[in-house]
Amino acid sequence: MTFHQLYIFDTVARYLNVSRAAQEVRISQPSLSRQLRLLEEECGLKLHRAIVGRGIKLTEEGREFWAAIKPILDQFDRVQKKFLSNSTASTTLLVGATQGPSVSFVPDALKAFKKKHPCVKPTLRTGDSRRVEEMLLKSEIDVAVVVYPSYNSRLTVEPLHRVRVSAVVSHRHPLAKKRNLTSEQILKAPFIVKMASKITELLEKSEINLNIAMRCESIEGVRAAVESGIGIGLLYRENVEHGLRGGYLKELQIPWLNKLNFQWFVLYRKGEPLSNNAQQFVSLIKARGTRPNAAARSTPSRGGPHSQSIYQGE
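Described below are features of the structure shown in this document. (Residues numbered from 1 in each chain as written. Predicted model: local features only at pLDDT ≥ 70, side-chain atom pairs only at ≥ 80, totals over all residues. Heavy atoms only, no water.)

Quick look at the packing of aromatic side chains
Then comes step 1: According to the stated counting rule, one finds seven aromatic pairs in the structure shown.
Then comes step 2: With a centroid separation of 4.3 Å and 45 degrees between ring planes, the pair formed by Phe 3 and Phe 76 is classed as tilted. One end of the pair, Phe 3, is in helix α1 (residues 3-15); the other, Phe 76, is in helix α4 (residues 60-82), and 73 residues separate them in sequence.
Then comes step 3: Each ring, one from Tyr 236 and one from Phe 262, has its centre 5.5 Å from the other, and the planes form 65 degrees; the classification is edge-to-face. With Tyr 236 in strand β9 (residues 232-236) and Phe 262 in strand β11 (residues 261-269), the pair connects residues that are 26 residues apart, well separated along the chain. Here the two residues Tyr 236 and Phe 262 agree in accessibility, since each one is buried.
Then comes step 4: Through pairs of rings, three or more aromatic residues link up here, namely Phe 105, Tyr 236, Phe 262 and Trp 264. (Phe/Tyr/Trp six-rings, centres within 6.5 Å; stacked < 30°, edge-to-face > 60°. Helix = DSSP H or I, 4+ residues; strand = E, 2+ residues; numbered from the N terminus. Buried < 20%, exposed > 50% of the residue type's maximum accessible area, 1.4 Å probe, protein only.)

Right, here's the structure in full:
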C-alpha cells in the first residue's frame, strides 16, 4: 500500500467518477484503475463498484476505509504546506492571467521574479476571467491576475493595478505627425479593436461611435495591425509600452480616453496558504502594481469607485 494509492482513492471517493479523478491526479484512466485494483488486492476488500457510465459507488468497506485514511491525508497535507512549500527545492510557480495582463505585465513580473529565483521554472496560462478562475479553483494554478473577477466566495480578490487606455498608431501613419486632433478627425479615422472588447463596449455606452475598420481576436493581432499602418489601436498602456519606447508606435492624445480607467486584480484560493514562491510573486506584482511610473498612471475618477468612468473588463 502506497501513499499515492491512498491519494488516488481519496480523489475517486470525492468525485465518484474515475474519469474526473484521473484528470485531478493527472494520470491516465487505465493507470488510475490499475492502482485502485492493486489497493483492493492489498487490503483484500472490495472498496468500490462501477455503476452506469464511468461513475462508481463506494461499498460499505470503501466508506469505512475512506474515513480511516482521511486523517492521514489531512496530516500529510498540513506537513506539506508547512514545510515542503518553503523548501528551497521548490521550483514551481503556476500563474494564470487574462489576456491583457498576460501580454506584458505578468511576463515582465515573471522576468523580474526569475532574476531573484533562477531555479524556479514558472508556468503562465492564459484565458478569459471565467477560465482562469476555474483553473485557480481546481488548483491548476497558484495565483491569478484578472481584470474582471467574479468575486467568488472561495477566492481572495485584491486590487492590484489601475491601467489606462492608449490610442496608438504606427510612426509611419499620417496621424502620427499631428499633435492636435479634432473630434471629427478622430471619429472618421479607422480604428482597430479587440473582439468583445470592454473598451469599445464602454465607449458605445458613452455614445462614442468609432469607425471600426478591423477587429482582432487577440491583443497581439491588434498591435500587429497597428504596426502595419491600418489605423488607430486602442490598447492598455502596458501592452504598447515597448512600442512607444522603441519609437515605432506613437500615442495620440484623445481627451475622452482619460475617463477610461481599468482595474486589474490578483486572486488566490481563500483559506489555503500560498507556497513560498507564490507568496513572493504576489508581493512582487503588488509592488510593481503600485509603483508610480508613467505606464501605471491614470487620470483619477471624480465619481468614486462606482463611477461609470471606471470599468473593470477585458
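Now that the structure is up, let's keep going.
Considerations on the packing of α1 against helix α2 (residues 18-25)
Each pair of packed helices can be summarised by the angle the axes make with each other and by the distance between the axes.
Then comes step 1: Relative to each other, α1 and α2 sit at 135 degrees, their axes nearing to 8 Å. The pairing of α1 with α2 is recorded here as oblique in orientation. The handedness of the crossing between α1 and α2 is right-handed. Contacts from Tyr 7, Thr 11, Val 12 and Tyr 15 of α1 reach α2 at Arg 20, Ala 21, Glu 24 and Val 25.
Then comes step 2: Across the contact of α1 with α2, the residue classes tally to five nonpolar, one polar and two charged. (Axes fitted to C-alpha atoms, helices over the stretch in contact; angles between N-to-C directions. Parallel < 35°, antiparallel > 145°, perpendicular 65-115°, else oblique. Left-handed = near helix turned anticlockwise from the far one by under 90°. Contact = heavy atoms within 4.5 Å. Nonpolar A, V, L, I, M, F, W, Y, C, P; charged D, E, K, R; others polar.)

Remarks on α1
Then comes step 1: Compared with an ideal rise of 1.5 Å per residue, which puts 13 residues at 18 Å, α1 spans 19 Å between its outermost C-alpha atoms and is within 8% of the ideal.
Then comes step 2: Immediately beyond the C-terminal end of α1, within one or two residues, lies Leu 16, with a positive phi of roughly 50 degrees. (Expected span 1.5 Å × (residues − 1).)

Considerations on a nonpolar patch on the surface
Then comes step 1: Taken together, the side chains of Phe 3, Tyr 7, Ile 72 and Phe 76 make up a nonpolar region of the molecular surface, amounting to roughly 340 Å² of accessible area.
Then comes step 2: Secondary-structure elements contributing two or more residues to the nonpolar patch are α1 and α4.
Then comes step 3: Along the chain, the position of Tyr 7 falls in helix α1. (Patch = residues over 30% accessible without salt bridge, like charges linked within 9 Å, V, L, I, M, F, W, Y side chains within 5 Å. Areas by Shrake-Rupley, 256 points an atom, 1.4 Å probe, with all protein chains shown as cover. Salt bridge = Lys/Arg side-chain N within 4 Å of Asp/Glu carboxyl O.)

A closer look at the nonpolar core
Then comes step 1: Leu 234, Phe 281 and Ile 285 are the most contacted members of the largest nonpolar core, which has 46 residues in total.
Then comes step 2: Not counting chain neighbours up to four residues away, the residues in contact with Leu 234 comprise Val 165, Ser 166, Ala 167, Phe 191, Ile 192, Val 193, Ile 199, Leu 203, Leu 210 and Leu 257. (Core = buried A, V, L, I, M, F, W, Y, C linked by side-chain atoms within 4.5 Å.)

Details of the packing of α2 against helix α3 (residues 29-43)
Then comes step 1: Where α2 meets α3, the closest approach of the two axes is 9 Å, and the angle between their N-to-C directions is 100 degrees. Relative to α3, the element α2 is oriented roughly perpendicular. Counting all contacts with α2, which are made through Val 18, Ser 19, Ala 21, Ala 22 and Val 25, the residues of α3 involved are Gln 29, Leu 32 and Ser 33.
Then comes step 2: Looking at the contact of α2 with α3, its residues break down into five nonpolar, three polar and no charged.

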